[in-house]
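# Descriptive structure summary
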Amino acid sequence: TEKWRKKYKHLDAPRRMYAEFVSTMDEMVGEVVGHLDKLGLREDTLIIYLSDHGHSMETRTFGGGGNSGDYRGHKFTLWEGGIRIPCIVSWPGRIPQGAIRGQMAASIDWMPTIAEYCGVKLPDRKIDGKSFTSVIDSDAAASPHDIFHWETGKHWAIRQGDWKLVHNGPATDYKGRKIPQTKNFLSNLAEDVTETKNLAANHPDKVKQLTELHERWLEKLKQN
């Protein structure tokens, strides 16, 4: 809106456009929440606010403007900057307020999570998502996923616990440093969330194990 364009006119492009979009969206979300309060529905409403990917670098979004902080990558990459996204959940009187969770979960987990909150039985067919109401309740709860896979053409990734393998991950710029494309990039996210130190050469057995797990997962997909 024009209000936010005026506020951020001193910023350079594309950061200026990004700030305008974010503040406009934030204001609109505030209006929705305010309307729920006005109707007396706030305590009966679960609000889930999340992105589906990291910040965009596309021409249609002015070539960027976002910042993934310490995380490498952006939208359309499987580096953490492309897939690790913030999620804000609010339900007064039902879930903790002002709490932070660091466990691994994914957007596909919301369907079974909401179903559990609503007491709705899940379909008999297999789904990939898993309820993480226990994670919302406690920072001591385990992640619902021991292993998780991402696949986008020849670029894929797998995470098992803190270990993450990115295959054919694209080259990226990271805080002024150019990191080239690598066939296999292995990270331990408990020790390095930046994904800038490749451990593949030091842990070939782990690369082999994760690759085989991903190949078996792909085979199961074909069977389904």
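As shown above, the structure is provided for reference.
Residues numbered from 1 in each chain as written. Predicted model: local features only at pLDDT ≥ 70, side-chain atom pairs only at ≥ 80, totals over all residues. Heavy atoms only, no water.

The helix and strand inventory of the chain stands at six helices and eight strands. Order of helices (α) and strands (β) in the chain, N terminus to C terminus: α-α-β-α-β-α-α-β-β-β-β-β-β-α. Along the first, second and third principal axes, the C-alpha atoms of the chain reach 60 × 50 × 30 Å. Counting across all 224 residues of the chain, residues that qualify as buried make up 37%. Put simply, the chain shows about 14,200 Å² of open surface, and 54% of that area lies on carbon and sulfur atoms. (Helix = DSSP H or I, 4+ residues; strand = E, 2+ residues; numbered from the N terminus. Buried < 20%, exposed > 50% of the residue type's maximum accessible area, 1.4 Å probe, protein only. Areas by Shrake-Rupley, 256 points an atom, 1.4 Å probe, with all protein chains shown as cover.)

Before going further, it helps to spend a moment on the pattern of salt bridges. This model, assessed by the stated rule, comprises 15 salt bridges. Across the salt bridge formed by Glu-58 and Lys-75, the nearest N and O atoms sit 2.8 Å from each other. Residue Glu-58 is found in the loop between strand E1 (47–50) and helix H3 (80–83), and its partner Lys-75 is found in the loop between E1 and H3; the two are separated by 17 residues along the sequence. Exposure class is identical for Glu-58 and Lys-75. Each is buried. (Salt bridge = Lys/Arg side-chain N within 4 Å of Asp/Glu carboxyl O.)

The next point concerns the environment of Asp-162. Inspection of the secondary structure assignment puts Asp-162 in the loop between strand E4 (155–160) and strand E5 (163–169). The class of Asp-162 is partly exposed, set by a relative accessible area of 36%. Put simply, Asp-162 and Leu-11 are 151 residues apart on the chain and 38 Å apart in space, counted from C-alpha to C-alpha. The contacts of Asp-162, once residues within four sequence positions are left out, are Ser-187, Asn-188, Leu-189 and Ala-190. (Contact = heavy atoms within 4.5 Å.)

Before going further, it helps to examine the pairing of strand E8 (residues 182–188). Among the seven residues of E8, five are classified as buried, and the element is accordingly described as predominantly covered. Judged from the six bridges that link them, E5 and E8 form a sheet pairing that is antiparallel. The residue of E8 that forms the bridge with Trp-163 is Asn-188. (Pairing = 2+ DSSP bridges.)

Judged by nonpolar contacts, Trp-156, Ile-158, Trp-163, Leu-165, Leu-186, Leu-199, Ala-200, Val-207, Leu-210 and Leu-213 together constitute the single largest core of ten residues. Where this core is concerned, the elements lending two or more residues are E4, E5 and helix H6 (204–223). Dropping the residues within four chain positions of it, Trp-156 is found in contact with Leu-78, Trp-150, Glu-151, Leu-165, Val-166, His-167, Thr-211 and His-214. Listed in part, the nine residues of the second largest apolar core include Trp-79, Met-104, Trp-150 and Phe-185. (Core = buried A, V, L, I, M, F, W, Y, C linked by side-chain atoms within 4.5 Å.)

One key point about sheets: their strands pair by backbone hydrogen bonds, in either a parallel or an antiparallel sense. The strand order E3-E4-E5-E8 describes an open sheet built from four strands, whose pairing is antiparallel. Of all strands in the sheet, those with a lone pairing partner are strand E3 (147–152) and E8, marking the two edges. Each neighbouring strand pair of the sheet contributes to a mean axis angle of 10°, computed without reference to strand direction. Along the sheet, H6 makes contact with E3, E4, E5 and E8, crossing E4 at roughly 110°. (Axes fitted to C-alpha atoms, helices over the stretch in contact; angles between N-to-C directions.)

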